[in-house]
Amino acid sequence: MTNDEAALPARVELAWGLRDHGRRGPKPGLTLERIVAAGIEVARTDGIAAVSMARVAGELGVGTMSLYRYVGAKDELISVMADTAFGAADLGPDEAGPDEAGPDGWRAGLTHWADGLRASYRRNPWLLEVPVSATMLAPNTVSWMEAALRWMAGTPLPEQQKLSTALLLSGFVRNEATLSIDIAGAASLEFGATLARLTDEVRFPALHRAIASGSLDDDDDLDDEFDFGLQCILDGVAALIERHRPQQSRTHRR
């Protein structure tokens, strides 16, 4: 390590396979993959709060101390669990990756990217309770960033704006996944009718116009809400891309 290189966090070394697990003694019967898989199963079944070194060891039928050959602490385990649950990014769609999609393929690519990230949250809702910082430097998370940037490689956006776009989209997907879970938990509440009872038209005129239109009683699928929000964001990205195109190219496209 040079003087300019800071030591990597233990969870990052673990996620990238940079830690040496070799210690004296008999050949271990566990693997990091088995430990992580057991932790993910606990989280899926009982939530992230139920994950502990003791609980995971119990699921594997081993003593708690056996896990420490592979994982130094619970927060390291959860970081690797989260990165594993996200999985590596899929460069689709339709087997046409960014390199074959052409300069305008970015929109279909980022839509596919956002759908894939949302699917990861749907399979593993407990991921929403893991801090973003816990997986920022983990390999699968890095692959998602790489995929988003590759889809935008053919656009004239500056690199900083490509990164900002990826961050904006990932934040939107995470927020939408959180809202979906919260809304599903309150599905029995008739939102529009309840608001009508609690509010008056004089104080909340705009809200009452929405109530009167029936919009708050609409049973739109949450997928529709997700698609609406995503396409609004991508419309903004499209406008930004157009702004960065050379003047001659913009004129030709019209």
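Whatever comes next refers back to the structure up there.
A brief look at the structure comes next.

Let's shift gears to a nonpolar patch on the surface. Together, Leu8, Trp16, Leu18 and Val142 make up a nonpolar patch on the protein surface, roughly 370 Å² of accessible area in all. With respect to the secondary-structure elements, Leu18 resides in the loop between helix H1 (10-15) and helix H2 (32-46). By relative accessible area, Leu18 is classed as exposed at 54%.

A separate point is the side chain of Ser120. Relative to the helices and strands, Ser120 is located in helix H7 (residues 106-123). Polar side-chain contacts of Ser120 include one of 3.1 Å to the backbone oxygen of Phe86. Filtering out sequence-adjacent residues up to four positions away, Ser120 remains in contact with Ala85, Phe86, Leu127 and Trp144.

Counting across every chain of the model gives 8 salt bridges. When the shortest N-O distance is used, the salt bridge between Arg118 and Glu176 registers 3.2 Å. Note that Arg118 is positioned in helix H7 and Glu176 in helix H9 (residues 159-185), a separation of 58 residues in sequence. One exposure class covers both Arg118 and Glu176, and it is buried.

Definitions and limits used
Residues numbered from 1 in each chain as written. Predicted model: local features only at pLDDT ≥ 70, side-chain atom pairs only at ≥ 80, totals over all residues. Heavy atoms only, no water. Patch = residues over 30% accessible without salt bridge, like charges linked within 9 Å, V, L, I, M, F, W, Y side chains within 5 Å. Areas by Shrake-Rupley, 256 points an atom, 1.4 Å probe, with all protein chains shown as cover. Salt bridge = Lys/Arg side-chain N within 4 Å of Asp/Glu carboxyl O. Helix = DSSP H or I, 4+ residues; strand = E, 2+ residues; numbered from the N terminus. Buried < 20%, exposed > 50% of the residue type's maximum accessible area, 1.4 Å probe, protein only. Polar contact = N/O pair within 3.5 Å; in protein donor to acceptor, adjacent residues only side chain to side chain. Contact = heavy atoms within 4.5 Å.

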